[in-house]
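Working through the structure, step by step
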Amino acid sequence: MSAKIIDGKIIAGEIYREIEAELQELKSKGITPNLTVVLVGDDPASQVYVGMKQKACEKHGLGSETICLPKETSEKELLQLVEKLNNDPAVHGILVQLPVPKHINSKKVIDAIKPEKDVDGLHPINRGRLAVGDNCFIPCTPAGVQQMLIRSGIKTEGQHVVVVGRSSLVGLPFALIMMQKKEGANATVTVCHTGSGDLKRYTKEADILVAAAGKANVITADMVKPGCVIIDVGTNRVDDPTAKRGYRLTGDVDFENVKEIAGTISPVPGGVGPMTIVMLLKNTIKAAKQLSA
Ligand code: GUN
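I will try to describe carefully the structure that is included in this document. (Residues numbered from 1 in each chain as written. Predicted model: local features only at pLDDT ≥ 70, side-chain atom pairs only at ≥ 80, totals over all residues. Heavy atoms only, no water.)

**Remarks on the packing of helix 1 (residues 8-28) against helix 10 (residues 272-292)**
Helix packing geometry: the angle between the two helix axes and the distance between the axes. Quick note on the threshold: The axes are straight lines fitted to the C-alpha atoms, using for helices just the contacting stretch, and the angles between their N-to-C directions are given from 0 to 180°. Only DSSP runs of H or I covering at least 4 residues are called helices, and only runs of E covering at least 2 are called strands; the numbering of each starts at the N terminus. Oblique is the label for any angle not covered by the other classes, which are roughly parallel (under 35 degrees), roughly antiparallel (over 145) and roughly perpendicular (65 to 115). What makes a crossing left-handed is the near helix being turned counterclockwise from the far one by less than a right angle; a clockwise turn instead makes it right-handed. Here, two residues are considered to be in contact whenever any of their heavy atoms come within 4.5 Å of each other.
Running from N to C, helix 1 and helix 10 cross one another at 15°; their axes reach a closest spacing of 9 Å. Here helix 1 lies roughly parallel to helix 10, going by the angle between them. Between helix 1 and helix 10 lies a crossing of left-handed hand. Here helix 1 contributes Gly8, Lys9, Ile11, Ala12, Ile15, Tyr16, Ile19, Glu22, Leu23 and Leu26 to the contact with helix 10, which in turn contributes Pro274, Met275, Ile277, Val278, Met279, Leu281, Lys282, Ile285, Ala288, Lys289 and Ser292.

**A look at the pairing of strand 6 (residues 188-192)**
Where we set the bar: Between any two strands, pairing holds if DSSP finds at least two bridges.
In this structure, strand 5 (residues 160-164) lies alongside strand 6, joined through 5 bridges in parallel fashion. Along strand 6, the bridge assignment pairs Val162 with Thr190.

**Quick word on the site of the ligand**
Condition: When at least one non-hydrogen atom of a residue lies within 4 Å of a molecule or strand, that residue is treated as near it. Pairs of N or O atoms within 3.5 Å make up the polar contacts considered here, provided that, within protein, one atom can donate a hydrogen while the other can accept it, and that residues adjacent in sequence are counted only when both atoms are side-chain atoms. Only the protein chains shown count as cover for residues, and all accessible areas are computed by the Shrake-Rupley method using a 1.4 Å probe. Asp, Glu, Lys and Arg are counted as charged, while Ala, Val, Leu, Ile, Met, Phe, Trp, Tyr, Cys and Pro are counted as nonpolar; the rest, among them Gly, fall into the polar class.
Taken together, Leu95, Val96, Gln97, Leu98, Asp120 and Leu169 make up the full set of residues near the ligand. Interatomic distance of 3.1 Å between a side-chain N/O atom of Gln97 and a nitrogen atom of the ligand. A distance of 2.9 Å separates a nitrogen atom of the ligand from a polar backbone atom of Leu98. Protein chains bury 83% of the 280 Å² of accessible surface belonging to the ligand in isolation. Looking at the shell around the ligand residue by residue, the class counts come to 4 nonpolar, 1 polar and 1 charged.

**A short note on the environment of Gly30**
By the element assignment, Gly30 lies in the loop between helix 1 and strand 2 (34-40). It is 44 Å that separates the C-alpha atoms of Gly30 and Val164, two residues lying 134 residues apart in sequence.

**Quick look at the pattern of salt bridges**
When charged atoms on two side chains of opposite charge get close, those side chains can pair. Our working definition: For this analysis, a salt bridge means a side-chain nitrogen from Lys or Arg found within 4 Å of a carboxyl oxygen belonging to Asp or Glu. Each residue is placed in one exposure class: buried if its accessible area under a 1.4 Å probe, protein chains only, is under 20% of its type's maximum, exposed if it is over 50%, and partly exposed if it falls in between.
The full count for this structure, using the stated rule, is 12 salt bridges. Note that Lys200 and Asp222 form a salt bridge whose closest N and O atoms lie 3.5 Å from each other. Of this pair, Lys200 sits in helix 8 (residues 200-203) while Asp222 sits in the loop between strand 7 (208-211) and strand 8 (229-232), and the two are 22 residues apart along the sequence. For Asp222, a relative accessible area of 40% corresponds to the partly exposed category. Where Lys225 meets Asp207, a salt bridge forms, and the shortest distance between an N and an O atom there is 2.7 Å. Of this pair, Lys225 sits in the loop between strand 7 and strand 8 while Asp207 sits in the loop between helix 8 and strand 7; the two residues are 18 residues apart in sequence, bridging distant segments of the chain. For Lys225, a relative accessible area of 29% translates into the label partly exposed.

**A closer look at the side chain of Thr250**
Counting through the fold element by element, Thr250 comes out in strand 10 (residues 247-250). Apart from the residues lying within four places of it in its own chain, the contact partners of Thr250 are Ala216, Asn217, Gly234, Thr235, Asn236, Val238 and Val268.

Now the structure itself:
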């Protein structure tokens, strides 16, 4: 039997309806949450992601600005911009789209963002707070994956969650979220990465498998336990001469074959993607609230 599909658009829609009231309350006090996104260079995928973030803010009544800088922008210039945004009271959330060009040290840039405006949850202060379970900004994609599980009625407590990928944006923070002794978490977590060797040895054991390796079709049908839950975080461009743009987006999971084995699965596109964006807006509203308290 084919797996049940988790629709990220429907779940994101639920969250948009919930944040509407918070947004109206802030607006009644004269505060419009504002997100400023900084994009350096002309990476086509980043341009698409940044455009989606800007559009979502506009559609849902948040203020937003996208600052596009040429790929030659120096690290010093970018740090100066971050400092300016840190000190601008009209800006509540700052997101520097990654990756930045190679001559810029991304860690230096992230570390320069005021933790109170770090709606991406990438600053070491927010990472540390997440690790110890304190109030913080949680990176949007793993926060979105947790919401997908909770709102789909998938129990995590006592389950074996296997995460493929240890990235700072997804794999690592998701593992930290899942191992916390909290509702919607309290799982036993295994993190696999490029040094793990035989992935199948671990993925076969997963009750919940989160694929965040950034590689198309890395999870195949023989690697999953029948009836398991699979969340596909991958967004990989693969050549497709039949597609309008000459490529199509695909996840890390061989969806067509894996859906015949898994019990529940999220597709790409239409799975995690919409969740990342709604969580970013939610974090921006949280930042505006905290900064104006
Ligand atoms: N590039 C791809 N995803 C993300 C994200 O969530 N945040 C940032 N800053 N860059 C990204």
